[in-house]
Amino acid sequence: MIGIARLAVAGLLAMMAMGTARAEDALKAKVGVLRLSSSAPVFIAQDKGYFREAGLDIELKFFDAAQPIAVATTSGDVDFGVTAFTAGLYNLAGKGVLKVIGGMSREKPGYPLIGYFASNNAYATGLKTPKDLAGKRIAMTQVGSSFHYSLGLLADKYGFKLSDVKIVPLQSLSNAAAALKGETVDAALLPISTARKLMDDGGAKFLGWVGDETPWQLGAVFASPKTLTNKALVTKFLGVLAKADREYHDVILASMKDGIAPINDKTKPLLEIIAKYTNLPVEQVVGNCAYIDPDGKLDVKNVDNQIKWLQEQGFADKGFDADTIIAKDYVKAD
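Bear in mind the structure is a predicted one, so any value in this text is a computation, not a measurement. (Residues numbered from 1 in each chain as written. Predicted model: local features only at pLDDT ≥ 70, side-chain atom pairs only at ≥ 80, totals over all residues. Heavy atoms only, no water.)

As for the overall build of the protein chain
Inclusion rule: Helix and strand definitions here come from DSSP, where helices need a minimum of 4 consecutive H or I residues and strands a minimum of 2 consecutive E residues; each element is numbered from the N-terminal end. Note on method: radius of gyration uses C-alpha positions; expected globular size equals 2.2 Å times residues raised to 0.38. Throughout, exposure labels follow a simple rule: accessible area from a 1.4 Å probe, protein chains only, divided by the maximum for the residue type, with under 20% read as buried, over 50% as exposed, and the rest as partly exposed. Two residues form a contact once any of their heavy atoms are found within 4.5 Å. Every accessible area reported is derived by Shrake-Rupley at a probe size of 1.4 Å, with residue values counting cover from the shown protein chains alone. Charged residues are defined here as Lys and Arg on the positive side and Asp and Glu on the negative side; His and the ends of the chain fall outside this count. The location of each charge is read from NZ of Lys, CZ of Arg, CG of Asp or CD of Glu.
Of the regular secondary structure elements, the protein chain holds 16 helices and 13 strands. Computed over the C-alpha atoms, the radius of gyration of the protein chain is 22 Å, within 12% of the 20 Å expected from 2.2 N^0.38 for a compact globule of 334 residues. Principal axes of the C-alpha set define a box for the protein chain whose edges measure 85 × 45 × 30 Å. Expressed as a percentage of the 334 residues in the protein chain, the buried residues total 54%. Considering only residue pairs separated by 6 or more positions, the protein chain has 77% of its internal contacts joining residues 24 or more positions apart. Total accessible area computed for the protein chain in this model is approximately 14,500 Å², and 54% of it derives from carbon and sulfur atoms. Averaged over its 38 positive side-chain charges, the protein chain has a centre that lies 2 Å from the centre of its 36 negative ones.

Quick notes on the pairing of strand β8 (residues 166–169)
To keep things clear, this is the line we draw: One requirement defines pairing of two strands: DSSP has to find at least two bridges between them.
Examined bridge by bridge, strand β7 (residues 137–140) and β8 share 4 bridges and lie parallel to one another. Residue pairing in the sheet places R137 in a bridge with K166 of β8.

Side note on the environment of N91
Along the chain, N91 turns up in helix α5 (residues 87–94). Remark: the alpha-carbon pair of N91 and L310, spanning 219 residues in sequence, is separated by 10.0 Å.

Here's the deal with the sheet that holds strand β2 (residues 56–63)
Defined as follows: Between N-to-C directions, angles span 0 to 180 degrees; the directions come from axes that are lines fitted to C-alpha atoms, helices contributing only their stretch in contact.
On the basis of which strands lie adjacent, the open sheet formed by 5 strands has the order β2-β1-β3-β12-β4 and mixed pairing. Only two strands of the sheet have a single neighbouring strand rather than two, namely β2 and β4 (99–103). Strand after strand, the sheet turns through a mean of 25° between neighbouring axes, direction not considered. Relative to strand β3 (residues 80–84), strand β1 (residues 27–34) runs parallel, the two being bridged by 2 bridges.

Some remarks on the packing of aromatic side chains
As a reminder of what qualifies: Side-chain rings of Phe, Tyr and Trp (the six-membered ring for Trp) are treated as a pair once their centres are within 6.5 Å; stacked means planes under 30 degrees apart, edge-to-face means over 60, and tilted covers the remaining angles. The rule for a charge over a ring is simple: NZ of Lys or CZ of Arg within 6 Å of the ring centre, and within 35 degrees of the ring normal.
A full pass over the atoms with the stated rule returns 12 aromatic pairs. Ring geometry for F117 versus F206: centroids 5.8 Å apart, planes at 55°, classification tilted. One end of the pair, F117, is in strand β6 (residues 114–118); the other, F206, is in strand β10 (residues 205–209), and 89 residues separate them in sequence. When its relative accessible area of 34% is taken as the criterion, F206 is described as partly exposed. Arranged with centres 6.1 Å apart and planes meeting at 50°, the rings of W309 and F315 form a pair that is tilted. Judged by its relative accessible area of 8%, W309 falls in the buried class. Here the aromatic residues Y149, W216, W309 and F315 are joined through ring pairs into a cluster of three or more. The lysine or arginine in question, K108, covers the ring of Y291, its NZ or CZ lying 4.1 Å from the ring centre. The side chain of K243 reaches across the aromatic face of Y50, ending 3.9 Å from its centre.

Things to note about the domain arrangement of the protein chain
Keep this limit in mind: The source of the domain bounds is an automatic or database domain assignment. For any pair of parts, buried area is found by adding up, for both, the accessible area (1.4 Å probe) each one loses once the two are put together. A carboxyl oxygen of Asp or Glu within 4 Å of a side-chain nitrogen of Lys or Arg is what we treat as a salt bridge. Each residue is assigned to one of three groups, with Ala, Val, Leu, Ile, Met, Phe, Trp, Tyr, Cys and Pro labelled nonpolar, Asp, Glu, Lys and Arg labelled charged, and all others, Gly among them, labelled polar.
Domains assigned within the protein chain are domain 1 (27–107 + 216–324) and domain 2 (114–213). Taken together, the contacts link 23 residues of domain 1 with 24 residues of domain 2. Between domain 1 and domain 2, a total of about 1,800 Å² is buried, with carbon and sulfur atoms accounting for 63% of that surface. The largest per-residue losses of area from domain 1 upon contact with domain 2 belong to E107, W216 and W309, which jointly make up 32% of the total buried on that side. Joining domain 1 to domain 2, the criterion identifies 0 salt bridges. For the side of domain 1 that touches domain 2, the secondary-structure elements that each account for two or more residues are α4 (66–75) and α15 (300–313). The residue inventory of the side of domain 1 that touches domain 2, partitioned by class, reads 12 nonpolar, 9 polar and 2 charged.

Quick word on the pattern of salt bridges
In total, this model carries 11 salt bridges according to the counting rule given. The salt bridge partner of K308 is D304, with a shortest N-O separation of 2.4 Å. Taken together, the residues K308 and D304, both in helix α15 and 4 residues apart, mark about one turn of the helix. Beyond isolated ion pairs, a larger network of salt bridges with shared partners links R246, D250 and D295.

Things to note about helix α8 (residues 173–181)
Rule in force here: Note that the arc is defined by the directions from the helix axis to the C-beta atoms.
Taken together, the buried positions of α8 are occupied by L173, A176, A177, A179 and L180. One face of α8 carries all of its buried residues, which in axial projection span an arc of 160°. Directly beyond the C-terminal end of α8, a positive phi value near 65° is found at E183.

Structure follows, in structure tokens:
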């Protein structure tokens, strides 16, 4: 009996040692993200253990604006960034310290993500639609941000000058929302996840969706050249994201109607994961599901247009284009 017990203990210790070895063998990486549905596949892959199953030990690091994620990626504080394009990101990529390796969120009709919102006073005095934003004080995170580009597209569409708008850069989503509620600005561009509580509390008025007005490639996956030297890590990471992209698309996006995802036995588990990582109730997440290409494709032509627009505005350096900043070995072009 004692011999059998010893064998059992030895077997258990061997199994524990194997488990420890596997954990130590896992490729470690930190991923910078925002608490927005635009990072839904990352949350799904993390929560459902897809990264772990692929031999990856992933730590998520959360930020309150897109540009700091790009900076953290170049400094090595994170290995991968998943967020919106910004002028700052493009400038870093243009210098060769960042590479775009995949697509993520897109502004697309029927999929609410970033919206135009008016303060109550501005709305009461005539700011009723996105085209009325000409000449207004508008809060956003940073100059050259995705919000800034969205506003530039709107100005082009309705024929007003972007220079006629007073941009108020407040560095974070929470600051922009507070300024809107406090009536220190006339309007703000905000993701619906940030603006929902404002609207529910009567602190702001909805004007329209960027995706309905001016669709474009909003977000991407990117990494530093140092990270890209670890091909096994990058290949596994993108492979897992591709799996989660497809699941998110086929389960949630394919079921949406009028910008709302239904809550049912099939969608609820994924909606609950998104709710967990975005700190929102499921009932709000259903109207806050960003469009993401099911194959993780990147609209390279639109990225090139973004770069050109930012360069013309003086927000991005000259001398580079989309081909310069894309890691062609990894990007699936649309």
